[in-house]
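Close look at the chain arrangement
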Amino acid sequence: MDALNPNANRGWRHERGEASLSDVYRTVGTGRHSSRWRRAAAFAGPGYMVAVGYMDPGNWATSLAGGSKFGYALLTVALLSNLMAIVLQSLCARLAIASGRDLAQACRDAFPKWVSVPLWAFAEIAIIATDIAEVIGTAIGLNLLMGIPLELGVLITALDVFVILFLQKLGFRWVEAFIIALLGVIAVCFGVQILLADPQWGAVVTGFFPTTEIVTNPEMLYLALGILGATVMPHNLYLHSGIVQTRAYGHTIPEKKEALTFATIDSTVALCFALLINASILILAAAAFNAHGKTDVVELGDAYSLLSPLLGLAIAPTLFGIALLCCGLNSTVTATLAGQIVMEGFLKIRLKPWMRRLITRAIAIVPAAVVTIWYGDKGTAELLILTQVVLSLQLSFAVFPLVMFTASKAKMGELVAPRWLSGLAYLIAVVIAGLNVKLLFDFVTG
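The following refers to the structure shown. (Residues numbered from 1 in each chain as written. Predicted model: local features only at pLDDT ≥ 70, side-chain atom pairs only at ≥ 80, totals over all residues. Heavy atoms only, no water.)

Tallying secondary structure elements over the protein gives 20 helices and zero strands in all. Taking all 446 residues of the protein together, 59% fall into the buried category. Nonlocal contacts in the protein, meaning residues at least 24 apart in sequence, comprise 84% of its contacts between residues at least 6 apart. (Helix = DSSP H or I, 4+ residues; strand = E, 2+ residues; numbered from the N terminus. Buried < 20%, exposed > 50% of the residue type's maximum accessible area, 1.4 Å probe, protein only. Contact = heavy atoms within 4.5 Å.)

What follows is the structure, encoded as structure tokens:
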């Protein structure tokens, strides 16, 4: 609990205890006495780490399938999913700044053990499912670019934990710089590929407007639900509520309000960038595959092999592979941090930082390695879809507590979410739950 905030425990069953990501907690200065632009710049970074989760390899699978099958029509779903994400991530920043807790700590401190322990278990399952998708993406990227066998590629991805340890030793800003640099590479790769594909820009603009066909066409609805389910992921909610607290913002209400404003701007801009990447994947699939009659592309490897003959240049698949590898690396780094936040927040485990990261990485990488090796080269698309279904099932167990906490004046104090925002968030939570139940039902019934 913050010493300068005597009301930090108001509305909670327990005190906060150790700070979120304690080894990097409040290590990034915010220049409280500098210009407003410098203070805003100090908060830039966490949003881009969160944005990584909205363009992970699981999103690639659904976007490739949607673009190759229905052209540009599902761009409106990508836009809607992104708007939902912007609202939910703003609530994560609000929870962290108002209460001094990440979402895992908030669940632990608000609910009895018979509720919080199952929530922890669901969160761990979600992170394992997330990591499987990201490990597969990285391994496929290594396989496509360097010919490394999938099984060996999966084991190589475990080395990312040492990247995190090294960068965090230099400072958390270095972790953010690493993530942002790889995002820049991804953006350049897709920019070049889209120029090569030469999409119908009029159809692209039209694709962002909703049509009734999305609801009336069962196959299109299924893919739309898949895109939504793959976009809004639970580990991002835990991640954002933790890494926002790396900023050394003040303890007074005006200072916290300013921090919330800057953090919300950061996440909103970053998620708009994520929308740009997700839309680019769908646009590329529509222009390169759908326009040439290839309407059944779902495997990442198939997309890689088809790009060169369809676009006429050998560099196209190389750019696709580089973007996929960067995306997988980014995603595994952020998932590892999310795993640490979940384990520490729910269980109050007190270990040295390097030991915490090794344990949380092992919890995720071991199941990921086992199932990836079990499925082999041919089952990657099926496995990616399965991970998205698991994430869909778990999502509501993170969204509803987040909305409940931020709507409570007893817990948030003066930074409680406005009623209109809470109402919108509850509507989003219900819509996501309903759509994901539908997705799960369709998956079970075949």
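If you walk through the whole model with that rule in mind, you get six salt bridges. Put simply, Arg108 and Asp109 hold a salt bridge, and the shortest N to O gap is 2.9 Å. Classification of Arg108 as buried rests on a relative accessible area of 10%. For Asp109, a relative accessible area of 1% puts it in the buried group. One salt bridge connects Arg173 with Glu176, and the closest N-O pair in it is separated by 3.1 Å. Taken together, the residues span about one helical turn, with Arg173 and Glu176 both in helix α9 (residues 172-197) at a distance of three residues. (Salt bridge = Lys/Arg side-chain N within 4 Å of Asp/Glu carboxyl O.)

A few words on the environment of Pro401. Its location among the elements puts Pro401 in helix α18 (residues 380-406). Remark: the alpha-carbon pair of Pro401 and Phe111, spanning 290 residues in sequence, is separated by 9.7 Å. Discounting residues that sit within four places of it in the chain, Pro401 has contacts with Cys107, Phe111 and Ser396.

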